[in-house]
Amino acid sequence: MSAASTAESADFRGPLDITRAATLVLDAESTVIGWSPAASELLGYGPSDALGRPLTTFLSVRPAGGTLPAEASGAAGPGPGPPSLVGNEIHVARTRDGRELLVATATCPLPGAAGASGPGTPDRILVAAEVEALLHWESRIALLQGLATQSPVGLAIYDTDLRLSWSNTAYEREMGQPLAAFRGKRAEELYGAGSFVTPGYPHTLAGVMRQVLDTGEPVLDLHFRGQPPSDPGRDHLWSCAYYRLEDAHGHALGVCEDAFDITDRYRVQERLTLLVEAGRRIGTVLDVATTAEEIADVAVPDFAATVRVDVTRAAVTGETAAVGSPADMTLLRVAERSAPGSGTPDPGLPASGPTETGRPDPYRPGASPTVTDSPDPGRPDTGPTGSGPTGSGPTATARGPAGPGGTNSPGGPGGPRQPYPPVDYPPGSPQNRSLSSGGLVLDEGTLVVPLRTGGGILGLVTFDRGEGSDTSGRTPGPDRATTFDNGEVALADELAARAAVCIDNARRYTRERTASLALQRQLLPHHLPPQSAVETAYRYLPADDVTGVGGDWFDVIPLSGTRVGLVVGDVVGHGLQAAATMGRLRTSVRAFAQLDMAPDELLTRLDDLVGQPAEDRSDACGGAVETYDVTTGATCLYAVYDPVSRRCVMARAGHLPPAIVGPGGEVSFPDLPAGPPLGLGGLPFESMEIDLPVGSLLALFTDGLVEARDHDIGRGLDTLGQVLGDRSASLEELCDRAVSELVPGGTSADDTALLLVRTRALGADRVADWELTAEPVSVGRARELATGQLEAWGLEELVFATQLVVSELVTNAVRYAGGPLGLRLIRDRTLVCEVADTGHTSPHLRHSAADDEGGRGLFIVAQLVQRWGTRYTPTGKTIWTEQALPPAEAG
């Protein structure tokens, strides 16, 4: 906009104002005797051409009336011209160049003209202006009138002393009184407690207006918070604009203030912001308590002074949501937050009162812990948290996070889990009414919203607006009342709905994780019992640190003859499905191992079991067990160590070979024949026999320990060898070092299992063996040898039973097998008796009939010993038995 047009738009003189209109002086006979420059500009005639001529030369004799052009007639009512021009006459003017103009005229008689009305005597003054200019001016006047009387925007003018000099009707409504009652007052006297909340500007009205007066720079959209005199006690928010008023010479006259109440808009925006914040902060982890605390943190103090979240015990423990009457539910106080300086009595807890954030309360979550030695029944069991020398359980990590999100405490990271106190709301309370009806309840400043999902109730959220002022340091929201309006009720319902979905997800996760941990506890060994043959230590790190389960496994299996079976395996995949598959394989390995199978034969049987057709492994409903068979492709390493011969036989199915550390610290990875992974078939499995001196270290592990994204298996094996080469460290220390070096942080992309075994040997004083001929006389000889050895060991109490066992086993060998025969006694944690022969048929236990002459010997043996069995060897078989030692010897 040019300077000329700006000046024109700021000129509020009317087009018929004598100082700017075309002015004609007429005598009594309507002869022009005076002609203004504006008239010359409008009609094109100069004074010499116009003076002395009749008015009809320039204007029509009568008003245009009903013959007006369309742009001037408009919606004209009775009278000449449109309604806005009533009182003015409309004429058609003829310019010097022959054009016709539609003009509005007004006539003003001159004082004293009535007595001297002759020709040439001034009688009246006529002013004229184009109709279009007059209509434009009247629209500007209507605009000013509307701003003063009809506009919802409050307008006020302050003089240079910042005293109010004028205001419109909207401003008067805010004041609650007419302008005369507060004219001349300063801004601070009208809104003394208010302040600007827009950063970067002075906080006071006087400061902002003084800045505008001094600089002349207008400011727009400043947010001012205060309480208008017409509505004391409630904060409002205005969007304000200020600009300096100047006269025609540029001198400052004051400041104009435009203020529009945006309280409702601000509250809507505030609610939207709260919803966005809730979506960002609620449900960050799959934990019921953390989710409950998150909704309380979001709502306090911006939405409510106090928020209490009560969750059913079933939801906390991961059970199905409760439905029906309140008797079906037990509520636990999981989270509570109160703004500082505010608080209300809690009807759900006995002898409760106002609480403040940071003040410990033994009945509130996150409070200072009291003596709680027993676990709370309302909390799910989180399972083992570590693995140490005592073998507390392999499901825990050595140095890993305890739960999702890196924390296992609802009170904060690293904090202890506190029990949740049960709450019991009295009849008639808002909470009890909400539970009974299943809907939200509004009772003055208390709003109770149920946590609903899937037709069930997971708990309650109580929003309470306390009476105290907010001393948290945050600027309180505008129009913060002690009750909830309809919009806030809808907002609370939406917050509770979002929280309910997150809590239900956490509940489902808790249920799944509890089931997964229970399954894995059953599938993996709870602890490794002490063995005479080896000393063991282990670590197990599942890659799925959320569920805490995986597909790797290990086991130490006691075998006959004080031997021990060592196994480690890896199932494709992670999580619950892999854990279930691992359980099937582990159970199968233990079953095959109890049959005293050689490692290569055991893997062959296991491969046949895994490779059976999928239709043979269907579920009870007739469908396939799994769309993707994670069993196929599993790997396994199985080894058998004999502490008497100090030899170890091992075979592998697609698994990494073990690491062997000799007594001198030398590390090697034996070139064990690599069989195919389980389920693929096609190639046989081969065993390798290795001599292991006493004190040798055998390390069985899965690829998750030595392989990672940032290095290959070769580098991992080298690091493992360096760690295991330290002979001065204990097995537990070696486990910790291996995990810290190879799996920093306690988690990896793959499951990790590590089993360390240090070999031992049975001394010659604990083993006795003899070779006998396959003759009947050998039976008596065997009894004599066994009796003498037991007396030498001080086991006279076992002589009678051992004589019967030896007699029966040697007699069967002489009668049904061939020689030579072998008799061996081993004194370990039990008394082991073994009879070896060259036969390949195994005796079977049977119940003889009353008239049978034989068949009772093996039955008698089974009653005298703890357990017995058959072990096949390349040269025949060995029948073995185990007897419990007397209490004194066993201790």
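Conventions used here
Residues numbered from 1 in each chain as written. Predicted model: local features only at pLDDT ≥ 70, side-chain atom pairs only at ≥ 80, totals over all residues. Heavy atoms only, no water. Pairing = 2+ DSSP bridges. Helix = DSSP H or I, 4+ residues; strand = E, 2+ residues; numbered from the N terminus. Phe/Tyr/Trp six-rings, centres within 6.5 Å; stacked < 30°, edge-to-face > 60°. Buried < 20%, exposed > 50% of the residue type's maximum accessible area, 1.4 Å probe, protein only. Lys NZ or Arg CZ within 6 Å of the ring centre and 35° of its normal. Contact = heavy atoms within 4.5 Å. Core = buried A, V, L, I, M, F, W, Y, C linked by side-chain atoms within 4.5 Å. 1 Å grid on protein atoms, 1.4 Å probe; cavity = no way out; pocket = protein on both sides within 12 Å on 5 of 7 lines; lining within 4 Å. Points joined across faces, edges and corners; volume = space filled by probe spheres on them. Nonpolar A, V, L, I, M, F, W, Y, C, P; charged D, E, K, R; others polar. Axes fitted to C-alpha atoms, helices over the stretch in contact; angles between N-to-C directions. Parallel < 35°, antiparallel > 145°, perpendicular 65-115°, else oblique. Left-handed = near helix turned anticlockwise from the far one by under 90°. Polar contact = N/O pair within 3.5 Å; in protein donor to acceptor, adjacent residues only side chain to side chain. Expected span 1.5 Å × (residues − 1). Patch = residues over 30% accessible without salt bridge, like charges linked within 9 Å, V, L, I, M, F, W, Y side chains within 5 Å. Areas by Shrake-Rupley, 256 points an atom, 1.4 Å probe, with all protein chains shown as cover. Salt bridge = Lys/Arg side-chain N within 4 Å of Asp/Glu carboxyl O. pLDDT = per-residue confidence, 0-100.

Caption draft 1: Molecular detail of the sheet that holds strand β11 (residues 252–261). Read from one edge to the other, the open sheet built from six strands follows the order β7-β6-β11-β10-β9-β8, with strand pairing classed as antiparallel. Looking at which strands have only one partner, the edges of the open sheet turn out to be β7 (164–167) and β8 (195–196). As defined by bridge partners, strand β6 (residues 154–159) adjoins β7 across three bridges and the pair is classed as antiparallel. The residue of β7 that forms the bridge with Tyr158 is Leu164.

Caption draft 2: Up close: the packing of aromatic side chains. Counted under the stated rule, the structure contains eleven aromatic pairs. Ring centres of Tyr191 and Trp238 lie 5.5 Å apart, and the angle between their planes is 75°; this geometry places the pair in the edge-to-face category. Of the two residues, Tyr191 sits in the loop between α8 (187–190) and β8 while Trp238 sits in strand β10 (residues 236–246), which places them 47 residues apart along the sequence. Trp238 carries the same exposure label as Tyr191, and that label is buried. Taken together, the ring pairs connect Tyr191, Phe196, Phe224, Trp238 and Tyr242 into an aromatic cluster. Sitting over the ring of Phe303, Arg465 keeps its end group 5.4 Å from the ring centre.

Caption draft 3: Quick look at the environment of Leu275. Topologically, Leu275 is positioned in helix α10 (residues 263–281). As for Leu275 and Ala492, which are separated by 217 residues in sequence, their C-alpha atoms are 9.6 Å apart. Other than its neighbours up to four places away in sequence, Leu275 contacts Leu491, Glu494, Leu495 and Arg498.

Caption draft 4: Up close: the sheet that holds strand β14 (residues 422–423). The strand order β14-β13-β12-β17-β16-β15 describes an open sheet built from six strands, whose pairing is antiparallel. Looking at the sheet topology across the chains shown, the edges are occupied by β14 and β15 (441–443). Judged from the three bridges that link them, β15 and strand β16 (residues 446–453) form a sheet pairing that is antiparallel. Bridged to Asp443 within β16 is Thr446.

Caption draft 5: Representation of the nonpolar core within the structure. Formed by 50 residues in total, the largest nonpolar core has its most connected members in Trp553, Phe554, Leu566, Leu602, Leu698 and Leu755. Not counting chain neighbours up to four residues away, the residues in contact with Leu755 comprise Leu528, Thr536, Ala537, Tyr538, Phe554, Asp555, Val556, Val567, Leu698, Ala699 and Leu700. With 41 residues, the next largest nonpolar core counts Val288, Ala296, Val307 and Val311 among its residues.

Caption draft 6: Structural view of the layout of surface pockets. The volume enclosed by the largest pocket comes to roughly 1,100 Å³. If you go around the largest pocket, you meet 40 residues; those closest to its centre are Arg871, Tyr872, Thr873, Pro874 and Thr878. Elements supplying a minimum of two residues to the lining of the largest pocket: α16 (599–610), β21 (635–642), β22 (647–653), β29 (767–772), β30 (821–827), β31 (830–837), β32 (867–873) and β33 (876–884). Of the residues forming the lining of the largest pocket, the biggest block, six residues, is contributed by β32. Looking at side-chain class alone, the lining of the largest pocket contains 16 nonpolar, ten polar and 14 charged residues.

Caption draft 7: Just the packing of α10 against helix α11 (residues 288–299), in detail. For the pair α10 and α11, interaxial distance at closest approach is 10 Å and the crossing angle is 155°. In terms of axis orientation, α10 runs roughly antiparallel to α11. With respect to the hand of their crossing, α10 and α11 are arranged in right-handed fashion. Only Glu294, Asp297 and Val298 of α11 make contact with α10, whose side of the interface consists of Leu274, Glu277, Ala278 and Arg281. A per-class count over the contact of α10 with α11 returns three nonpolar, no polar and four charged.

Caption draft 8: Structural view of the packing of helix α21 (residues 799–816) against helix α22 (residues 857–864). Closest axis-to-axis distance for the α21/α22 pair is 10 Å, and the angle between their directions is 145°. By crossing handedness, the relation of α21 to α22 is classed as left-handed. Between α21 and α22, the residues in contact are Ala801, Leu804, Val805 and Glu808 and Gly857, Leu858, Val861 and Leu864, respectively. Broken down by class, the residue content of the contact of α21 with α22 amounts to six nonpolar, one polar and one charged.

Caption draft 9: Looking closely at empty space enclosed by the protein. Tallied over the full model, the rule gives two cavities of 30 Å³ or more. Here the largest cavity defines a volume of roughly 80 Å³. Lining the largest cavity are Tyr158, Tyr171, Glu174, Tyr191, Leu205, Phe224, Trp238, Cys240, Tyr242, Glu257 and Ala259. Broken down by secondary-structure element, the contributors of at least two residues to the lining of the largest cavity are α6 (169–175), β10 and β11. It is β10 that contributes the most residues to the lining of the largest cavity, three residues altogether. Looking at the lining of the largest cavity residue by residue, the class counts come to nine nonpolar, no polar and two charged. As a volume, the second largest cavity reaches approximately 50 Å³.

Caption draft 10: A look at the side chain of Asp555. Note on placement: Asp555 falls in strand β19 (residues 552–558). Only 3.1 Å separates the side chain of Asp555 from the side chain of Arg586, close enough to count as a polar contact. With sequence-adjacent residues up to four places away left out, Asp555 is seen in contact with Pro525, Gly565, Leu566, Val567, Arg586, Arg590 and Leu755.

Caption draft 11: Examining α11 more closely. Over its twelve residues, α11 runs 17 Å from end to end, which matches the ideal 16 Å to within 8%, given 1.5 Å per residue. Counting buried residues along α11, eleven of its twelve residues qualify, which places the element largely inside the surrounding structure. For α11, every residue scored as buried is listed here: Val288, Ala289, Thr290, Thr291, Ala292, Glu293, Glu294, Ile295, Ala296, Val298 and Ala299. Measuring from the backbone nitrogen of Ala289 back to the side-chain oxygen at the start of α11 gives 3.2 Å, which picks out Asp287 as the cap.

Caption draft 12: Region of interest: the side chain of Arg333. Take Arg333: it is sitting in strand β13 (residues 331–338). Of note is the side chain of Arg333, whose polar atom sits 2.4 Å from the side chain of Asp310.

Caption draft 13: Local environment of the pairing of β6. Relative to β11, β6 runs antiparallel, the two being bridged by six bridges. Bridge pairing links Asp159 to Gly254 in β11. Taking the residues that link successive antiparallel strands as the turn, the β6-β7 hairpin has four residues, and the phi of Leu162 there is positive, at about 60°.

Caption draft 14: A look at a nonpolar patch on the surface. Residues Phe800, Leu804, Leu845, Phe859, Ile860 and Leu864 make up a contiguous nonpolar surface patch of about 520 Å² in total accessible area. Counting residues per element, the ones that place at least two in the nonpolar patch are α21 and α22. The element best represented in the nonpolar patch is α22, accounting for three residues. For Ile860, the location among the structural elements is in helix α22. Of the residues examined, Ile860 reaches a relative accessible area of 43% and is grouped as partly exposed.

Caption draft 15: Quick look at the confidence of the model for the protein chain. Mean pLDDT over the protein chain stands at 79; residues scoring 70 or higher make up 79%. Taken as a whole, residues 468–479 scores under 50 in pLDDT and shows 26 contacts with residues more than four places along the chain or in a different chain.

Caption draft 16: Focus on the pairing of strand β5 (residues 124–130). The element β5 is extensively covered by neighbouring structure, given that six of its seven residues are classed as buried. Pairing of strand β1 (residues 22–26) with β5, which is carried by five bridges, proceeds in the antiparallel orientation. Of the residues in β5, the one forming a bridge with Leu26 is Arg124. Relative to β5, strand β4 (residues 100–109) runs antiparallel, the two sharing seven bridges. Within the sheet, the bridge partner assigned to Pro109 lies in β5 and is Arg124.

Caption draft 17: Fine view of the pattern of salt bridges. Going through the model one piece at a time under the given rule, you end up with 34 salt bridges. The partner of Arg124 in a salt bridge is Asp123, with the nearest N and O atoms 3.1 Å apart. Accessibility assignment for this pair places Arg124 and Asp123 in one class, buried. Where Asp596 meets Arg563, a salt bridge forms, and the shortest distance between an N and an O atom there is 2.6 Å. Taken together, the residues Asp596 in the loop between α15 (575–594) and α16 and Arg563 in the loop between β19 and β20 (564–570) connect sequence positions 33 residues apart. In terms of burial, Asp596 and Arg563 fall into one category: buried.

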